[in-house]
Amino acid sequence: MTEAVTLWGHWTCPFVNRVDFALAERGIGHDLVSVPPSAVRPADFILPEEFVAHSPRLEVPMIRIGEEFRVDSIPLLYWLEDRVRAAPLLPEDGDPVRARVERLDATLMRAMGGIAYGTDGATIVRAAQRLADAFAEMDAWLGDHAWLAGAGPTLVEAIAVPVYLRLPGLVALGYDRPIPDRVAEHRARTLDRPGGRHVAWSPEQADEYLGRHRAFRRRNA
Ligand SMILES: N[C@@H](CCC(=O)N[C@@H](CS)C(=O)NCC(=O)O)C(=O)O
């Protein structure tokens, strides 16, 4: 019998986007328990008991399979590869997926945060350059294959997805560099996968993201 998989999370969290993408991409059916991060949590929201008991830092994403709970997106993605028999996103030897997961985790998240939470022009320009540099590196990887680490989607796509979802918003917030053609095509290809369609944002979600960050900028400028 297939064990139930439950994800505690929310669409606004990039770390949740990674895990939600990977689950759907691998065809792993799962329930979502909505736990908005504190920045977007309604004041009267009550954290679910199981989440409080098993997420040590009260962070999403959290996954339950059977009686096992895991948090922290990257270790969680690797654990899911071992734990759930389904189409893998990690090749046997892990190469070059693990190294590229680590690399994009650092480069994309820092650049995205700098644009989304930047409140002065210099910070935003620096972050836009970082994102352009990360895209240039991805563009080089895409020179060999249609996917970031080989002939098919891997966990590296899961790490790129949060930026891909937010890209129109990041452009509106100040990302003014070119997007390499191969990266733009890879974005479209990734968002058209089962995982991409599963995590895709509606126009209302995209508007909410942009509105929230514009308001943050106005408050903190
Ligand atoms: N290293 C963690 C980071 C997870 C994280 O920071 N999640 C945020 C939301 S995006 C969170 O739950 N923060 C606690 C809060 O909002 O109260 C991971 O990769 O999963």
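About the cut-offs
Residues numbered from 1 in each chain as written. Predicted model: local features only at pLDDT ≥ 70, side-chain atom pairs only at ≥ 80, totals over all residues. Heavy atoms only, no water. Domains from an automatic or database assignment. Contact = heavy atoms within 4.5 Å. Buried area = accessible area lost by both parts, 1.4 Å probe. Salt bridge = Lys/Arg side-chain N within 4 Å of Asp/Glu carboxyl O. Polar contact = N/O pair within 3.5 Å; in protein donor to acceptor, adjacent residues only side chain to side chain. Helix = DSSP H or I, 4+ residues; strand = E, 2+ residues; numbered from the N terminus. 1 Å grid on protein atoms, 1.4 Å probe; cavity = no way out; pocket = protein on both sides within 12 Å on 5 of 7 lines; lining within 4 Å. Points joined across faces, edges and corners; volume = space filled by probe spheres on them. Nonpolar A, V, L, I, M, F, W, Y, C, P; charged D, E, K, R; others polar. Buried < 20%, exposed > 50% of the residue type's maximum accessible area, 1.4 Å probe, protein only.

By domain assignment, the protein separates into domain 1 (5-83) and domain 2 (97-220). The C-alpha-based centres of domain 1 and domain 2 are spaced at 21 Å. Opposite the 18 residues of domain 1 that make contact, domain 2 presents 26 residues. Among the residues of domain 1 in contact with domain 2, W11, F21 and Y78 are the three that bury the most area, contributing 37% of the side total. Here domain 1 is connected to domain 2 by two salt bridges. A salt bridge links E25 to R193, with the nearest nitrogen and oxygen atoms 2.6 Å apart. Inspection of the region where domain 1 meets domain 2 yields six residue pairs in polar contact (both at pLDDT 80 or more). If you list the elements that add at least two residues to the side of domain 1 that touches domain 2, you get α1 (14-25) and α3 (73-83).

With that out of the way, let us pick up the layout of surface pockets. Put simply, the largest pocket is a space of about 660 Å³. What lines the largest pocket is a set of 35 residues, among which T12, C13, P14, P37 and Y117 lie closest to the centre. Counting only elements with at least two residues in the lining of the largest pocket, the list comes to α1, α3, α4 (97-117) and α9 (203-220). Split by residue class, the lining of the largest pocket holds 21 nonpolar, five polar and nine charged.

Once that is clear, we can look at the pattern of salt bridges. Overall, the coordinates contain 12 salt bridges when judged by the stated rule. With a closest N to O distance of 2.9 Å, R83 and E3 form a salt bridge. Of this pair, R83 sits in helix α3 while E3 sits in the segment before β1 (5-9); the two residues are 80 residues apart in sequence, bridging distant segments of the chain. Taking the relative accessible area as the measure of exposure, R83 reaches 24% and is therefore partly exposed. Residue E3 is classed as partly exposed on the basis of its relative accessible area of 40%. E137 serves as the salt-bridge partner of R103, at 2.8 Å between the closest nitrogen and oxygen. One end of the pair, R103, is in helix α4; the other, E137, is in helix α5 (residues 121-141), with 34 residues separating them in the sequence. On the accessibility criterion, E137 (25% relative accessible area) is partly exposed.

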